[in-house]
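Report on the structure
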Amino acid sequence: MNANSMKWLLIFKALRLKWRRTLVIVAALSIGAAMVTAMASVYFDINEKMSRELRSFGANFYLGAKNETPFTLEQYEAIIAAMPKDLYHASSPYLYAVARSEREPVALVGVDFPALPALVPYWQVQGGWVSVAFDDRNTMLGKALAAQLELNVGDNITLVKDNGQKKTFRIKGIIESGDAMDNVMLLNIRVAQDWLGTEGGISYALASLANDNDAVTAYAEKLSQQYPQLDIHPIRKVSAAEGQILHKIKGLMGLVCIIILLLSSLCVNTSLTAMTHERRREFALQSALGASDRQITAQIVRETLTMTTLAIVIGLVLGLILAQILGHVVFHAGITLRWPVLPLAAVLSLTVAAVAVVLPLKRVLALQAAVVLKGA
């Protein structure tokens, strides 16, 4: 048997003879690696998942006219078309006006109907959405306006101009938004423009953007420089809430990982200290037979590295499973594995093991072989 084989034989025999201690160390390191893997997987994927969840808050980005400067549908479409795909989620222009129905005046709002389900997912709709942007036959009414006019889904409402021109729309859906939209009649934006004769003008536009690291604020500043004639800003109530929630959740996850790693390090340190104390006569005998401090250190490091490597493999597997469970429970979707997760978990686990082995190693190297063996 060569020297290298002898080294590994000593390691495996030592770990087998102290299998209870070995099991505790591997379990502690595995839990630490699993938690780091799970938390890191969620951490790197949380921006996408949380952004999707927080979109239920509604729009977080405003574009409108400044002072008396007109804001046109063409300007809005050009801005939206230039938005980065990873930032943009949904948007709609809004055109407000007063129109006259056969019964009484109504507040008329032109919108981009296909974008609304994604932009205002909190709206409750009785009936159905107007699904295409060129639909000039259907409309949607706010709940309060529908009750005021005594109209229901499937009924007709007719708009009348001063010159006597009329146009009838079928009510496809009745919305309950909990805000001023409960009192309006909604039409597709171009249909509203044609009826009102506004020649492309709109009142303002709202958008929903991903808000990773306050991206909404940064993008608003960039667009404000490009379009100084427009009022462009984040909707603070929504965008600030998104940013605060993301930062708090990430901070909490980091804190949990630190606590778990500290507890894991303490557990490993305690178990290694007990293991080396029980084997003090073995180390003293090796020293008496001529083993140097460097050789004894190498042996303990190899033993710790063997246990850590096994724990990392187990922890990575358990962590990836735990990450998927967290993803489905919290976000109802799987967690996408990001490449930094595996090396991060491995490095942190090795760091925990390295810190934990320092004190036991110092105690072993401080043993006096003659004193230990004399008391044997």
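Heads up: the structure comes first, above all this text.
None of the values given here were measured: they were computed from a predicted structure.

Conventions adopted
- Residues numbered from 1 in each chain as written.
- Predicted model: local features only at pLDDT ≥ 70, side-chain atom pairs only at ≥ 80, totals over all residues.
- Heavy atoms only, no water.
- Salt bridge = Lys/Arg side-chain N within 4 Å of Asp/Glu carboxyl O.
- Helix = DSSP H or I, 4+ residues; strand = E, 2+ residues; numbered from the N terminus.
- Buried < 20%, exposed > 50% of the residue type's maximum accessible area, 1.4 Å probe, protein only.
- Pairing = 2+ DSSP bridges.
- Arc of directions from axis to C-beta.
- Contact = heavy atoms within 4.5 Å.
- Core = buried A, V, L, I, M, F, W, Y, C linked by side-chain atoms within 4.5 Å.
- Polar contact = N/O pair within 3.5 Å; in protein donor to acceptor, adjacent residues only side chain to side chain.

Let us look at the pattern of salt bridges. As enumerated under the stated definition, the model contains 4 salt bridges in all. Of the charged contacts in the structure, one is a salt bridge between Arg100 and Asp162, with a shortest N-O distance of 3.7 Å. Here Arg100 is found in strand β2 (residues 88–101), whereas its partner Asp162 is found in the loop between β6 (156–160) and β7 (166–176), with 62 residues between them in sequence. Here Asp162 falls in the exposed class, since its relative accessible area comes to 79%.

Turning our eyes to something else, we now look at the pairing of strand β8 (residues 184–188). In terms of burial, β8 is largely enclosed, as 5 of its 5 residues are buried. One ladder, built from 5 bridges, connects strand β3 (residues 105–111) with β8; its direction is parallel. In the strand pairing of β8, Gly110 is matched with Leu187.

Further remarks concern helix α3 (residues 73–82). Structural remark: α-helix, 3.6 residues per turn; residues separated by three or four positions point the same way. For α3, the full list of buried residues reads Leu73, Tyr76, Ile79 and Ile80. Angular distribution of buried residues about the axis of α3 spans 125°; they occupy a single face of the element. Turned more than 90 degrees away from the buried face of α3 sit Ala81 and Ala82, all of them exposed. On its buried side, α3 packs onto β1 (61–65), β2, α6 (189–196), β9 (204–209), α7 (215–226) and β10 (230–234).

Let us look at the nonpolar core. Counting residues in hydrophobic clusters, the biggest one holds 40 residues, and the most contacted among them are Phe61, Leu159 and Met185. In terms of residue count, α7 provides more of this core than any other element does, 5 residues in total. Among all residues touching Leu159, those that are not within four sequence positions of it are Ala99, Arg100, Ser101, Val106, Leu108, Gln165, Lys166, Lys167, Phe169, Met185, Leu187 and Trp195. Ranked by size, the runner-up nonpolar core spans 23 residues in total, among them Phe283, Leu316, Val352 and Leu361.

With respect to the element layout, Thr308 can be found in helix α10 (residues 293–331). In terms of polar contacts, Thr308 uses its side chain to reach the backbone carbonyl oxygen of Thr304, at 2.7 Å. Excluding residues within four positions of it along the chain, Thr308 makes contact with Leu29, Ser349, Leu350 and Ala353.

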